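Breakdown of the fold
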Amino acid sequence: MLTKMQKWGNSYAVRLPKAVVQETGIREGEALEVEVTNRQIRLRRSTRREYSLGQLVAGIRRSNLHAEIDFGAPEGCEAF
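Residues numbered from 1 in each chain as written. Predicted model: local features only at pLDDT ≥ 70, side-chain atom pairs only at ≥ 80, totals over all residues. Heavy atoms only, no water.

1. Brief notes about the pairing of strand 3 (residues 32-37)
Where strand 3 and strand 4 (residues 40-45) come together, six bridges link them in antiparallel fashion. Within strand 4, the residue paired with Val34 across the bridge is Leu43. (Pairing = 2+ DSSP bridges. Helix = DSSP H or I, 4+ residues; strand = E, 2+ residues; numbered from the N terminus.)

Structure follows, in structure tokens:
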């Protein structure tokens with residue numbers, strides 16, 4: 001399958017044909033990783049998960065909670 005790279009602002013973009021999108025099941029807005037090895041470009045689904053604040057807070061335990069950090073007295077217009 002042949003496609004073409006085009007300028008998009010200060011970057012470049014490659015359009016994926018509909019058949020490729022349907023076969024892979026990727027969706028608009030889905031995160032993809034770009035890897036370059038030996039001048040070859042590989043595009044794949046991101047393995048990074050997106051977390052909500054609630055999920056992150058639910059993971060807080062005494063074992064992974066750090067102590068309070070003292071940055072010293074306020075300097076300037078900070079309000080603590």
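We are not done yet, so read on.
2. Brief notes about the layout of surface pockets
In this structure, the largest pocket spans a volume of roughly 470 Å³. Lining the largest pocket are 17 residues, and of these Val14, Leu16, Leu32, Ile41 and Leu43 sit closest to its centre. Of the residues contributing to the lining of the largest pocket, the split by class is 12 nonpolar, two polar and three charged. Of the volumes computed, that of the second largest pocket is approximately 150 Å³. (1 Å grid on protein atoms, 1.4 Å probe; cavity = no way out; pocket = protein on both sides within 12 Å on 5 of 7 lines; lining within 4 Å. Points joined across faces, edges and corners; volume = space filled by probe spheres on them. Nonpolar A, V, L, I, M, F, W, Y, C, P; charged D, E, K, R; others polar.)

3. Overview of unusual backbone geometry
The residue Asn38 is not glycine, and still its phi comes out positive at about 50 degrees. Of note, Asn38 is situated in the loop between strand 3 and strand 4. You can call Asn38 exposed: its relative accessible area is 71%. One non-glycine residue, Arg39, adopts positive backbone phi at about 65 degrees. Here Arg39 shows up in the loop between strand 3 and strand 4. (Buried < 20%, exposed > 50% of the residue type's maximum accessible area, 1.4 Å probe, protein only.)

4. Regarding the packing of aromatic side chains
Any pair of aromatic rings gets described here by the distance separating the centres and the angle formed by the planes. Under the criterion given, the structure shown has zero aromatic pairs. Of note, Lys7 hangs over the ring of Tyr12, and the distance from its end group to the ring centre comes to 4.9 Å. (Phe/Tyr/Trp six-rings, centres within 6.5 Å; stacked < 30°, edge-to-face > 60°. Lys NZ or Arg CZ within 6 Å of the ring centre and 35° of its normal.)

5. Some words on the environment of Thr24
With respect to the element layout, Thr24 can be found in helix 1 (residues 18-24). You can call Thr24 partly exposed: its relative accessible area is 37%. Considered as a pair, Thr24 and Gly59 are 35 residues apart in the sequence and their alpha carbons are 32 Å apart.

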